[in-house]
Amino acid sequence: MNEQKFNVAVVGATGAVGEQILGLLEKRDFPIAELKLLSSARSAGKVVKFKGHDVTVQEATPDSFAGVDIALFSAGGDVSKELAPHAVRHGAVCIDNTNAFRMDPDKVLVVPEVNAEKIDEHNGIIANPNCSTIQMVAALKPLHDALGISRIIVSTYQAVSGAGSQAIQEMLRQSKEVLAGNDVQPDILPVGSLPVKHQIAFNAIPQIDKFADNGYTLEEMKMVRETKKIMGDESIEVTATCVRIPVVHGHSESVYVEFKNDYELEDVKTLLEAAPGVTLVDDPASQAYPLATDAAGKPDVFVGRLRRDLGHNRGLNMWIVSDNLLKGAAWNAVQIAEIIVSKRNGQA
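All values reported here derive from a predicted model rather than from experimental measurement.

Working note: α-helix, 3.6 residues per turn, so residues spaced by three or four point in the same direction. When the terminal C-alpha atoms of helix 1 (residues 16–27) are compared, their 17 Å separation across twelve residues agrees well with the 16 Å that a helix rising 1.5 Å per residue should span. For helix 1, the complete set of buried residues consists of Val17, Gly18, Ile21, Leu22, Leu24 and Leu25. Along the long axis of helix 1, the arc covered by the buried residues comes to 165°, so they all point the same way. Phi for aspartate 29, located one or two positions after helix 1, is positive at around 55°.

Right, here's the structure in full:
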């Protein structure tokens, strides 16, 4: 039986995540009949290479999705809110990388290693979770299934690429200025739309996104709400502190988990070793543990520094690292698209 091919649109094709999506579609030989690259009017007209061919980027409009089967969105929440319903109207399945639909009760929020079955429940739009949430739940899902999780306390150490390519350039520029002994003028971080900016070079900024009325940032609240929705368990207590650090690629997380049941550390390691998309790197004797520099460019979630908590017998401390633009965004989206394709081709 010949494999069916699909008309695919990538919205935000010239952005950091869009570029990663295109790289994955090419590397994995995704069955594409026609590829549309869509963007803002500012980027329209650019030419992108895909499988050796030049593809011209077009301005995204409500009518851009005629004939499109799968649309991968990564151009900001406002764009997704405006255009995704039009894509659905034209018959496309939308996989959205923004925060536009994640907590919409009528939209599914999917990490394939955790709740791939939810893909079948979509009503045209499938939401990709926040990058920090994705890597955490991918590592915790097998532990929750086996032991039950009652509480999660997470502190993140997030790469500047999560704030976009301009944030990367700002970090590099500031680093050079500091090393040269010059004054630093922050322009972007922590939040471009807020009046106060802070130096990121040689610094840690305990703010990602704007603050909510409860004192938590929107990024932190994303992790709280999305974790419960993806795990399908509102009883899990989650609290988060999200920090931006001067790393280009790769989010790192210190995670404390309390289980409902007693556990053996070796059993936890066995569960993680068998978990899909998870790589265990945990050998203190040889100083082996996950590093952002090692995770960069790789699709897996890396877990290490496993140790029983000193104050709670059912508590576990762990360190989770993943490439925020790959598993945290582009790879998760392409995985979902591949599952859709497999089902339509009768392979799943």
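Moving on: the domain arrangement of the protein chain. Assigned domains of the protein chain: these are domain 1 (6–128 + 329–347) and domain 2 (133–322). In this structure, domain 1 and domain 2 have C-alpha centres spaced 25 Å apart. Contacts between the two partners involve twelve residues from domain 1 and, on the opposite side, 13 residues from domain 2. Both faces considered, domain 1 and domain 2 share a buried interface measuring about 1,200 Å² in area, 72% of it formed by carbon and sulfur atoms. Arginine 102 serves as the salt-bridge partner of glutamate 226, at 3.4 Å between the closest nitrogen and oxygen. Scanning the region where domain 1 abuts domain 2 turns up four residue pairs in polar contact (both at pLDDT 80 or more). For the side of domain 1 that touches domain 2, the secondary structure elements donating two or more residues are helix 3 (112–115) and helix 9 (326–344). Considered class by class, the residues forming the side of domain 1 that touches domain 2 number five nonpolar, three polar and four charged.

Below, the discussion takes up the packing of helix 1 against helix 9. Viewed as axis vectors pointing N to C, helix 1 and helix 9 meet at an angle of 45°, and their least axial separation amounts to 9 Å. Here helix 9 runs oblique to helix 1, going by the angle between their axes. Helix 9 is crossed by helix 1, and the crossing has right-handed handedness. Seen from helix 1, the contacting residues are Val17, Gln20, Ile21, Leu24 and Leu25; seen from helix 9, they are Leu326, Ala329, Ala330, Trp331 and Val334. Counted by class, the contact of helix 1 with helix 9 contains nine nonpolar, one polar and no charged residues.

The next subject is the sheet that holds strand 15 (residues 315–322). Strands sit in the order 11-10-12-15-14-13 across an open sheet of six strands; the sheet is mixed. Where the open sheet ends on each side, the last strands, each with one partner, are strand 11 (237–244) and strand 13 (278–280). Mean inter-strand twist for the sheet, computed between neighbouring axes without regard to direction, equals 20°. Sheet analysis places strand 14 (residues 301–308) next to strand 15, joined by six bridges and oriented antiparallel. Across the sheet, residue phenylalanine 302 finds its bridge partner in strand 15, namely valine 321. Helix 6 (residues 218–231) contacts strand 10 (149–158), strand 11 and strand 12 (251–259) of the sheet and is inclined by roughly 140° relative to strand 11.

The positions UniProt marks with the feature "binding site: NADP(+)" (unreviewed entry) are Thr14, Gly15, Ala16, Val17, Arg42, Ser43, Ser161, Gly162 and Asn324. In sequence the annotated residues extend across 311 residues, and in space they extend as well, their farthest C-alpha pair lying 25.6 Å apart. Here glycine 15 lies in the loop between strand 1 (6–11) and helix 1. Within the secondary structure, serine 161 sits in the loop between strand 10 and helix 5 (165–179). For serine 161, the contacting residues outside a window of four places in its chain are Ile168, Val247, Val248, His249, Asn324 and Leu325.

Here the structure, examined in full by the defined rule, presents 17 salt bridges. The shortest N-O distance in the salt bridge between arginine 173 and glutamate 170 comes to 3.6 Å. Here glutamate 170 and arginine 173 lie together in helix 5, a separation of three residues that amounts to about one turn. Exposure remark for arginine 173: the relative accessible area of 29% places this residue in the partly exposed category. Among the residues examined, glutamate 170 registers a relative accessible area of 2% and is labelled buried. In this structure, the salt-bridge partner of glutamate 219 is lysine 222, at a minimum N-O distance of 3.7 Å. Note that glutamate 219 and lysine 222 are positioned in helix 6 at a spacing of three residues, about one turn of the helix.

The rules behind the values
Residues numbered from 1 in each chain as written. Predicted model: local features only at pLDDT ≥ 70, side-chain atom pairs only at ≥ 80, totals over all residues. Heavy atoms only, no water. Helix = DSSP H or I, 4+ residues; strand = E, 2+ residues; numbered from the N terminus. Expected span 1.5 Å × (residues − 1). Buried < 20%, exposed > 50% of the residue type's maximum accessible area, 1.4 Å probe, protein only. Arc of directions from axis to C-beta. Domains from an automatic or database assignment. Contact = heavy atoms within 4.5 Å. Buried area = accessible area lost by both parts, 1.4 Å probe. Salt bridge = Lys/Arg side-chain N within 4 Å of Asp/Glu carboxyl O. Polar contact = N/O pair within 3.5 Å; in protein donor to acceptor, adjacent residues only side chain to side chain. Nonpolar A, V, L, I, M, F, W, Y, C, P; charged D, E, K, R; others polar. Axes fitted to C-alpha atoms, helices over the stretch in contact; angles between N-to-C directions. Parallel < 35°, antiparallel > 145°, perpendicular 65-115°, else oblique. Left-handed = near helix turned anticlockwise from the far one by under 90°. Pairing = 2+ DSSP bridges. UniProt positions renumbered as here; feature names shortened; annotations may be inferred.

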